[in-house]
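Inside the fold
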Amino acid sequence: MRFRFLALALPVLISLATPAFAKLEICNRTPSPFSVAIAFETDADIISQGWWTVDPDKCATVIEGDLTRQYYYHYVKSTALNVEWAGTFNFCTNQDPQFRISGAGTCEERKFTLTGFRQIDVGTNKDFALDISMAPVAPAAAVTTAPAVAPATTTVITTTTTTTAPAPEAPVVEAVPEAAPAVESTVPTP
């Protein structure tokens, strides 16, 4: 009887000891589906790839395995919401539903679209989740640019990180035009 119990309990104990797989996830906290492309540096090149379609309240794993870089980049667009989450880091994209492009330069010459991505700072984390949302946020007291007078309903882009590593500095909040989406970063705790 004792051996039968051990034989049944052993697979359960092994599954509890199995470590979680590290990854970079993009999570949709909006009311509509969106498409996401990512970009990252390798030892040999810069890669951009996409598109993942992420339904509301779902996440897509865009990089599997330990995150080996501090910075990754994302571009998100929602046709249903008529919104894009773009930035100032340029990478190549195209309309192919499953593209992978090497190199970030000469996009137009290579018949690709030059697209502005936003930076994701994962720090030293091996596992990271980025929440994309459109929640209105009250304007912050401190901004990195000249303050602008804005109504309380103005949406701002925010980045909030929760990590198991040492706490980062206070998040920077940038004022953006009305109806801009908000982005929040979260890192699951192991």
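Residues numbered from 1 in each chain as written. Predicted model: local features only at pLDDT ≥ 70, side-chain atom pairs only at ≥ 80, totals over all residues. Heavy atoms only, no water.

Some details on the overall build of the protein
Secondary structure summary: the protein contains one helix and eleven strands in total. In sequence order, the protein lays out its α and β elements as α-β-β-β-β-β-β-β-β-β-β-β. In the protein, of all internal contacts separated by at least 6 residues, the share reaching a separation of at least 24 is 70%. For the protein, the computed accessible surface area is about 11,600 Å², with 58% contributed by carbon and sulfur atoms. (Helix = DSSP H or I, 4+ residues; strand = E, 2+ residues; numbered from the N terminus. Contact = heavy atoms within 4.5 Å. Areas by Shrake-Rupley, 256 points an atom, 1.4 Å probe, with all protein chains shown as cover.)

Topic: the state of the cysteines
Tallying each qualifying case throughout the model produces two disulfides. Across the disulfide, C27 is cross-linked to C59 (sulfur-sulfur distance 2.0 Å). Linking C27 and C59, the disulfide has an S-S dihedral of approximately 105° and is accordingly described as right-handed. With C27 in strand β1 (residues 23-29) and C59 in strand β4 (residues 59-64), this residue pair connects regions lying 32 residues apart in the sequence. Assessed through its relative accessible area of 2%, C27 is described here as buried. The class for C59 is partly exposed, based on a relative accessible area of 36%. (Disulfide = S-S within 2.5 Å. Buried < 20%, exposed > 50% of the residue type's maximum accessible area, 1.4 Å probe, protein only.)

Regarding the nonpolar core
Formed by 21 residues in total, the largest nonpolar core has its most connected members in L24, I26, I63, Y72 and I120. Going through the elements one at a time, β1, β2 (34-41), β3 (46-54), β4, β5 (71-78), β6 (83-85) and β10 (128-133) are the ones with two or more residues in this core. Of all the elements, β2 adds the most residues to this core, at four residues. Here Y72 is in contact with L24, A39, F40, I63, L67, R118, Q119, I120 and V122, once residues within four sequence places are set aside. Within the second largest apolar cluster, eleven residues are counted, among which are W51, C92, I101 and F117. (Core = buried A, V, L, I, M, F, W, Y, C linked by side-chain atoms within 4.5 Å.)

Quick look at the packing of aromatic side chains
Scanning the model with the defined rule gives seven aromatic pairs in all. Where W51 meets Y75, the ring centres are 6.0 Å apart and the plane angle is 65°; that geometry is what we call edge-to-face. One end of the pair, W51, is in strand β3; the other, Y75, is in strand β5, and 24 residues separate them in sequence. Overall, W51 belongs to the buried group, its relative accessible area being 14%. For Y75, a relative accessible area of 8% corresponds to the buried category. When the centroid spacing of 5.1 Å and the interplanar angle of 50° are considered together, the rings of Y73 and F89 count as tilted. Placement of Y73 in strand β5 and of F89 in strand β7 (residues 89-93) is noted, with a sequence separation of 16 residues between them. With relative accessibility at 14%, the residue Y73 sits in the buried group. F89 gets classed as partly exposed once you look at its relative accessible area, which sits at 33%. Among the aromatic residues, ring-to-ring pairing joins W51, Y73, Y75, F89, F91, F99 and F117 into one connected group. (Phe/Tyr/Trp six-rings, centres within 6.5 Å; stacked < 30°, edge-to-face > 60°.)

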